[in-house]
Amino acid sequence: MSFQNYDIAVIGAGIIGLATAMRLAQEYPRYKIIVLEKDGEVAQHQTGHNSGVIHAGIYYAPGSQKANFCSTGGKLLRQFCDERGIEYEMCGKVIVAINDEEVPRLEDLLERGTANGAEGLEMVGPERLAELEPYAAGVQAIFSPNTGIIDFKKVSQAYAIEFGENGGDLLLNTAVHGITQRDNQMYLETSRGEIAARHIINCAGLQADQVARMMGADPGLRIIPFRGEYFSIKPERQYLVRSLIYPVPDPSLPFLGVHFTKRVTGSVEAGPNAVLAFSREGYTKTSFSLGDTLGTFTYPGFWKMSLSHWKSGLDEQHRSLRKSLFLKSLQTLVPSIEMDDLSEPGAGVRAQAVDNNGNLLQDFAISETENAIHVLSAPSPGATSSLTISRYIVDMAVGAFGLED
C-alpha cells in the first residue's frame, strides 16, 4: 500500500478521530484520507478507558458545545448501534442528594438538564429512589431514564471498519514525531517514514496540544493528565447497584465525583477519583514520564490552577493513597458497601485542558490554524457526542480546506 501522499491526515484513532475520518470518507469520497495511530489498536486511551456511559446531557452549561452536542449525539449513537447490532443498554441513572444542603444544586441540575434537551428527567424522593436503587441513600434524586451504557471500543472499531470500507487508510503503530509545512503540503515525520498531506485534523487526545505545537501553533492551553482510579465490585455484591448512581457534583470542577457504574458486560465499577498523573499515559500510581512531568510543572497555568483548587486536589490525593477514604466516599451513596467488596483496581487518564490563566476548561475546545483543525479538548461527553462532533469538524473542514463533493 502506498501511503505517502494524502489529502487529509487525521492524527489519532480514538473515537473522535475515527468518527471524523468515517464521515469524511462517506461524504467526500474523492479525497484520500489516512488516520495515523501510534498504538497497535484503536481506542487505546481515553476512549478505551472511560466508563462507557451514554450521557443524556444533564450537567453542561446551556448553550455550550457539550450541551448542544450531547443529547443529539446520544440519539445518533444509538441509531448507529441499532443499525449495526452493537450492544448497549439504556439502564438509567440516578443523581443523588445525600442531604438537604445538596437539594438546591440538584434542582439546578434538573433545570439545566431540561434546558439541554435531556428527556424524561424526573425528581424523585426516597421512596421512588428505593424502587430504582434499593441500596442507595439520599433525600432526593434526579432519575434519568435516557442514560445508558455501551462499549465505546466496539463503537470505535465499527467507525474504523466503515472508514476502511469507504476507501480510507488506517495506519497503526505509526507515531508522529514532527510536522513541517512547505509547498502547501504538510509533511509528517513518523516512525514509519514521511507522509505528506494537504491538511491535518489533530485528534490526538492526550497529546493534542503537543501535536498543535509541532505545527507551530500556540493552543493557549496545556493538557494536564489526571488519573481516574476505580475499583470493581465483586460479582457476589454487584446486586447493590442496578444501574448508575452518581453524587451531586461540585459545579466549579469538571469532574463528576466518585460514583457507581454498571458496565454493559454486567460488571460494576466504583470510582473514579481524579489525581494528578505524572505521565500523560500514566495508568498506575508509579507511572512516570520526565518530559510530561516537566511539561506540567513548568506551565504557569498549572500553578494558577493549583492555587484555586489545592484543597480538592489534596482530598483526591488522600483518597488515592487511603482506600478507607475511597470507601467512605462510596458509602455516602451506598452505605452497605464494604472494603471486601472492592477488587480489581484500574484507572483511566483524563486529558484535562488548562488555559494560561489556570482555568479548567469545562467545554470542548476545537480550533483552526492554517491547513489544520485541532480537537484540543473533547472529554466526557465526547464519546457520546462523537457523531455530532464529527459533523461539526467536517463542516469546519469544508470551509477551512475548501472540500468539494
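The model shown is predicted, which means the values in this text are computed figures rather than measured ones.

Asker: So what's going on with the overall build of the chain? Which residues, and what values?
Answerer: Counting secondary structure elements, the chain contains 11 helices and 20 strands. Against the globule reference of 22 Å for 405 residues, the chain gives a C-alpha radius of gyration of 21 Å, in line with a compact fold. Structurally, the chain occupies a C-alpha span of about 65 × 45 × 40 Å along its principal axes. For the chain, buried positions account for 57% of its 405 residues. For the chain, the proportion of contacts with a sequence separation of at least 24, taken over those separated by at least 6, is 74%. A total of about 16800 Å² of accessible surface is found on the chain, and carbon and sulfur atoms cover 50% of it. Averaged over its 35 positive side-chain charges, the chain has a centre that lies 3 Å from the centre of its 48 negative ones.

Asker: Tell me about the packing of aromatic side chains, residues and numbers included.
Answerer: Following the criterion strictly, the structure yields 11 aromatic pairs and no others. Directly above the aromatic system of Phe80 lies the positively charged group of Arg84, at a separation of 3.8 Å from the ring centroid. Directly above the aromatic system of Phe143 lies the positively charged group of Arg128, at a separation of 5.6 Å from the ring centroid.

Asker: Summarise a nonpolar patch on the surface; cite the residues concerned and give the values.
Answerer: Residues Phe278, Phe288, Leu290, Leu294, Phe297 and Trp303 make up a contiguous nonpolar surface patch of about 620 Å² in total accessible area. The element best represented in the nonpolar patch is helix 8 (residues 290-297), accounting for 3 residues. By secondary structure assignment, the location of Leu294 is in helix 8. Since its relative accessible area comes to 47%, Leu294 is described here as partly exposed.

Asker: Got a sec to walk through the sheet that holds strand 8 (residues 148-150)? Specific residues and values, please.
Answerer: Strand pairing in a sheet takes place through backbone hydrogen bonds and is either antiparallel or parallel in direction. Strand order in the open sheet made by the 3 strands is 3-8-4, with antiparallel pairing throughout. Only two strands of the sheet have a single partner each, and these edge strands are strand 3 (53-54) and strand 4 (88-89).

Asker: Lay out the nonpolar core in plain terms, naming residues and giving numbers.
Answerer: In terms of nonpolar packing, the biggest core is built from 45 residues, with Val155 and Tyr159 touching the most fellow members. Secondary-structure elements contributing two or more residues to this core are strand 1 (5-11), helix 1 (15-27), strand 2 (33-36), helix 3 (65-84), helix 6 (152-165), strand 20 (372-377) and helix 11 (386-401). A total of 8 residues in this core trace back to one element, the largest contributor, which is helix 1. In this structure, Val155 is in contact with Ile15, Leu77, Cys81, Ile86 and Ile150, ignoring residues within four places of it in sequence. If you look at the next biggest cluster of nonpolar residues, it comprises 24 residues, including Ala141, Val268, Leu330 and Ile337.

Asker: Now, about the side chain of Gln207: what can you tell me, with residues and values included?
Answerer: Along the chain, the position of Gln207 falls in the loop between strand 12 (193-202) and helix 7 (208-214). Within the local environment of Gln207, its side chain forms a polar contact with the side chain of Glu281, the two groups lying 3.2 Å apart. Beyond its immediate sequence surroundings of up to four residues, Gln207 is in contact with Arg280 and Glu281.

Asker: Any details on the environment of Ala67? Residues and values, ideally.
Answerer: Note on placement: Ala67 falls in helix 3. Judged by relative accessible area, Ala67 falls into the buried class, the value being 4%. Distance in space between the C-alpha atoms of Ala67 and Gly57 is 5.9 Å, their sequence separation being 10 residues. What Ala67 contacts, discounting residues up to four positions off in sequence, is Tyr60, Ala61, Pro62 and Asn116.

The rules behind these values
Residues numbered from 1 in each chain as written. Predicted model: local features only at pLDDT ≥ 70, side-chain atom pairs only at ≥ 80, totals over all residues. Heavy atoms only, no water. Helix = DSSP H or I, 4+ residues; strand = E, 2+ residues; numbered from the N terminus. Rg over C-alpha atoms; globule rule 2.2 N^0.38 Å. Buried < 20%, exposed > 50% of the residue type's maximum accessible area, 1.4 Å probe, protein only. Contact = heavy atoms within 4.5 Å. Areas by Shrake-Rupley, 256 points an atom, 1.4 Å probe, with all protein chains shown as cover. Lys, Arg positive; Asp, Glu negative; His and termini not counted. Charge placed at Lys NZ, Arg CZ, Asp CG, Glu CD. Phe/Tyr/Trp six-rings, centres within 6.5 Å; stacked < 30°, edge-to-face > 60°. Lys NZ or Arg CZ within 6 Å of the ring centre and 35° of its normal. Patch = residues over 30% accessible without salt bridge, like charges linked within 9 Å, V, L, I, M, F, W, Y side chains within 5 Å. Salt bridge = Lys/Arg side-chain N within 4 Å of Asp/Glu carboxyl O. Pairing = 2+ DSSP bridges. Core = buried A, V, L, I, M, F, W, Y, C linked by side-chain atoms within 4.5 Å. Polar contact = N/O pair within 3.5 Å; in protein donor to acceptor, adjacent residues only side chain to side chain.

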